[in-house]
Structures are given as C-alpha cells and as structure tokens.
Amino acid sequence: MPTSQAEAFYEREAPGRFLPTACTRGPWDPDSQHAGPAAALLGLAVEERPGARPDLRVARLTYEIMRPVPIRPLTVTTRVLRAGRSVELVEAGLAPDGGEEVMRATALLMKAAPDAVPAVSPGRQVPGPGEAQPEPFFPVPWDQGYHTAMDIRFTAGSFLERGPATAWMRMRVPLVAGEEITPLSRVLTAADSGNGVSTELDFHRYVFINPDLTVGLHRHPEGEWVCLDARSMVDGAGIGLAESALHDEKGPLGRSTQTLYVAPRG
C-alpha cells in the first residue's frame with residue numbers, strides 16, 4: 001500500500017531511499033507500481049550520483065524489469081561500470097525493503113560539447129500538444145494512480161482503440177516531492193507507456209507485459225510535454241515489440257522500445 005501521502009510520485013526519506021505514493025500505482029495491480037515512475041527514479045539516481053560529470057549526458061538507458069515494482073519503501077543504488085574520457089557506463093538498481101532487486105538500469109552517458117557538429121534530426125513531425133485531445137483511459141478499478149497523475153492527450157488513436165497511436169503526456173505531480181522535475185525524468189516517466197497506448201489486442205482477453213525498456217536520446221529534452229508516436233507488433237508465438245518515436249514540442253528527440261510477452265488471460 002502507499003507509504004506516503006505527498007502530492008508526488010515519491011517522497012525522499014533519506015539519501016537513496018524513497019517512499020512511493022498512490023500516484024505510482026499501475027492499472028493492473030493495486031499493490032504494484034507503473035514502471036514509468038520507477039524508470040524515472042533510476043534515471044534520476046544516475047543524474048545525481050556522487051561524482052557525476054556535468055559534461056556527460058545520458059544517451060541511452062536500458063532497463064530490466066525482473067518483477068513488478070511493489071508500492072513499498074525503495075532503496076536506489078548506483079555504481080560506475082566504466083569511466084572513460086568521452087563515455088561512461090553506470091548501473092542503477094531498485095529494491096524494496098527486505099526484498100531482492102526488482103528493476104535495474106544500465107545508463108550510457110556521452111560527452112556533450114554544444115555546437116561541436118552540425119545538428120541533424122530527421123523524422124516524422126507530429127501535431128503538437130495544442131492539437132491533442134483527452135481520451136478516456138481504459139477502466140481502472142481504483143481512483144488514484146499513474147492514470148490520474150499523468151495528463152495524457154492524443155492526436156491519433158486512444159487507449160480504447162487498437163493500433164498505432166500518438167499521445168502527448170506530461171506529469172501532473174513532481175517525481176519527488178518538493179523537487180524540480182528534470183527533463184530526463186519527464187521522458188522516462190512517459191516512455192514505458194508505448195505498449196499501453198498502441199496495443200493491437202483486446203486487453204480484456206490478453207496480457208502484454210514488457211520485461212524491459214530501452215530509451216535512446218539523441219537530443220536533450222525540453223519543456224513539460226513528451227510525445228509517444230507508438231506502434232506495437234505481435235508474433236503469433238506470443239512475443240511482441242512496442243516502438244515509440246519520442247518527441248517534445250521542439251521535434252524528434254529519440255526512441256523507446258519494449259519487448260512484450262503476450263498471452264491469453266488465464
């Protein structure tokens with residue numbers, strides 16, 4: 001059950017220790033978090049780790065989601081796997097009190113030098129958030145959770161339609177109570193929703209679980225809104241892939257992918 005009543009996804013209790021709120025609750029299990037806030041929490045740990053270099057920027061984050069993240073106090077740890085002049089590899093882990101690690105991220109950071117090379121960012125342009133419309137979330141049996149903590153608007157598709165969708169998302173509450181939201185946190189809180197907005201199958205009849213998430217960013221995000229231009233593909237053997245082109249109001253900024261386990265509901 002929620003361990004904090006703060007108007008945020010988490011409350012920082014001590015260095016590396018966080019209390020989740022009801023805002024983290026996912027749509028499938030009242031005792032489990034949506035992976036988006038947890039992914040952002042690990043990304044924040046990478047950003048604020050001791051000795052973090054200001055000239056390095058997160059270029060890619062790969063998450064392994066070993067089991068559902070419970071709504072219980074969490075400890076975040078980080079360690080540097082490789083420290084180089086231009087590239088650094090950092091690992092961050094998330095574990096509940098008295099439990100094993102439930103989620104792990106490997107972050108690739110690269111040296112960023114403004115205006116060092118010409119900027120190139122081709123990609124499909126999408127309508128901005130000003131042209132997007134709110135659409136009903138699929139039925140959730142509790143009043144508060146990730147579905148209420150995020151402002152989600154569509155320019156194509158919806159939660160209740162099957163197929164590709166284009167959704168703009170922004171956080172209604174901070175990631176951590178009393179703290180500014182970092183641009184990276186805004187992207188990571190949204191990126192795990194690609195398979196949810198672009199499902200190809202009836203969620204009443206099938207489960208589609210992503211045990212991983214990879215986010216690659218060629219540009220530093222700007223502004224409050226993040227767009228997922230998402231589509232899902234499913235093989236008859238029960239393995240799928242959700243892919244999202246990531247945008248902010250300035251334009252394309254990266255991509256996210258989720259490997260999917262798809263099966264009939266038992």
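Not measured: the values here are computed from a predicted model.

A. Examining the overall build of the chain more closely. Within the chain, the regular secondary structure consists of four helices and 14 strands. Relative to the globule expectation of 18 Å for 266 residues, the C-alpha radius of gyration of the chain, 18 Å, shows essentially globular dimensions. Relative to its 266 residues, the chain shows a buried fraction of 52%. The long-range fraction of contacts in the chain, counting pairs at least 24 apart against all pairs at least 6 apart in sequence, stands at 65%. In the form shown here, the chain has an accessible surface area of approximately 12500 Å², with 52% of it arising from carbon and sulfur atoms. Taken together, the 26 basic and 33 acidic charged side chains of the chain have centroids lying 5 Å from each other.

B. Local environment of the pattern of salt bridges. Summed over the entire model, instances satisfying the criterion amount to 17 salt bridges. Of the charged contacts in the structure, one is a salt bridge between Glu179 and Arg12, with a shortest N-O distance of 2.8 Å. Taken together, the positions of Glu179 in the loop between strand S9 (165-171) and helix H3 (183-191) and Arg12 in strand S1 (residues 10-14) put the pair 167 residues apart, joining distant regions of the chain. In the salt-bridge network here, residues are joined through shared partners; they are Asp151, Arg153, Arg170, Arg172 and Glu224.

C. Fine view of the packing of aromatic side chains. All told, the structure shown has eight aromatic pairs when counted by the stated rule. Their ring planes at 80° and their centres at 6.5 Å tell us that Trp28 and Phe208 sit as a pair that is edge-to-face. Remark: Phe208 occurs in strand S10 (residues 206-209) and Trp28 occurs in the loop between strand S2 (17-20) and helix H1 (35-47); sequence separation between them is 180 residues. Given a relative accessible area of 15%, Phe208 falls into the buried group. Aromatic rings pair up to connect Trp28, Phe137, Phe138, Phe154, Phe159, Phe203 and Phe208 into one cluster.

D. Structural view of unusual backbone geometry. Look at Asp115: it is not a glycine, yet its phi comes out positive at around 60°. As for its placement among the helices and strands, Asp115 is situated in the loop between strand S6 (103-111) and strand S7 (133-134).

E. Representation of the nonpolar core in the model. Membership of the largest hydrophobic core comes to 65 residues, with the highest contact counts inside it found for Phe9, Tyr63, Leu94 and Met103. Looking at this core element by element, the count peaks at nine residues for H1. Non-local contacts of Met103, meaning those with residues more than four positions away in its chain, are made with Ala35, Ala38, Ala39, Leu42, Tyr63, Glu64, Ile65, Met66, Val69, Ala92, Gly93 and Leu94. Counting five residues, the second largest nonpolar core, distinct from the first, contains Val126, Trp168, Trp225 and Cys227.

F. Inspection of H3 at higher detail. Burial of H3 is extensive: eight of the nine residues sit out of reach of the surface. All of the buried residues along H3 are Leu184, Ser185, Arg186, Val187, Leu188, Thr189, Ala190 and Ala191.

G. Main features of the environment of Ala52. Its place among the elements puts Ala52 in the loop between H1 and strand S3 (56-65). Overall, Ala52 belongs to the partly exposed group, its relative accessible area being 30%. With 32 residues separating them in the primary sequence, Ala52 and Pro20 have C-alpha atoms 25 Å apart.

H. Up close: the side chain of Asp212. Tracing the backbone through its elements, the reader meets Asp212 in strand S11 (residues 212-217). Although Asp212 lies buried, it forms no salt bridge, and the closest oppositely charged side chain, Arg60, sits 11 Å away as judged by the N-O distance. Separated by 2.7 Å, the side chain of Asp212 and the backbone nitrogen of Thr259 make a polar contact. Ignoring any residue separated from it by four or fewer positions in sequence, one finds Asp212 in contact with Tyr63, Glu64, Ile65, Thr257, Gln258 and Thr259.

I. Highlighting the side chain of Arg186. Looking at where Arg186 falls in the secondary structure, it is placed in helix H3. One buried charge, Arg186, has no salt-bridge partner; the nearest side chain with opposite charge is Glu224, at 4.6 Å. Excluding residues that lie within four positions of it along the chain, Arg186 makes contacts with Met171, Ile181, Gly223, Glu224 and Val226.

J. Representation of the pairing of S3. Counting buried residues in S3 gives seven out of ten residues, a clear majority hidden from the surface. Judged from the nine bridges that link them, S3 and S6 form a sheet pairing that is antiparallel. Counted as the bridge partner of Arg60 is Leu108 from S6. Where S3 and S11 come together, five bridges link them in antiparallel fashion. In the strand pairing of S11, Leu61 is matched with Val215.

Calculation notes
- Residues numbered from 1 in each chain as written.
- Predicted model: local features only at pLDDT ≥ 70, side-chain atom pairs only at ≥ 80, totals over all residues.
- Heavy atoms only, no water.
- Helix = DSSP H or I, 4+ residues; strand = E, 2+ residues; numbered from the N terminus.
- Rg over C-alpha atoms; globule rule 2.2 N^0.38 Å.
- Buried < 20%, exposed > 50% of the residue type's maximum accessible area, 1.4 Å probe, protein only.
- Contact = heavy atoms within 4.5 Å.
- Areas by Shrake-Rupley, 256 points an atom, 1.4 Å probe, with all protein chains shown as cover.
- Lys, Arg positive; Asp, Glu negative; His and termini not counted.
- Charge placed at Lys NZ, Arg CZ, Asp CG, Glu CD.
- Salt bridge = Lys/Arg side-chain N within 4 Å of Asp/Glu carboxyl O.
- Phe/Tyr/Trp six-rings, centres within 6.5 Å; stacked < 30°, edge-to-face > 60°.
- Core = buried A, V, L, I, M, F, W, Y, C linked by side-chain atoms within 4.5 Å.
- Polar contact = N/O pair within 3.5 Å; in protein donor to acceptor, adjacent residues only side chain to side chain.
- Pairing = 2+ DSSP bridges.

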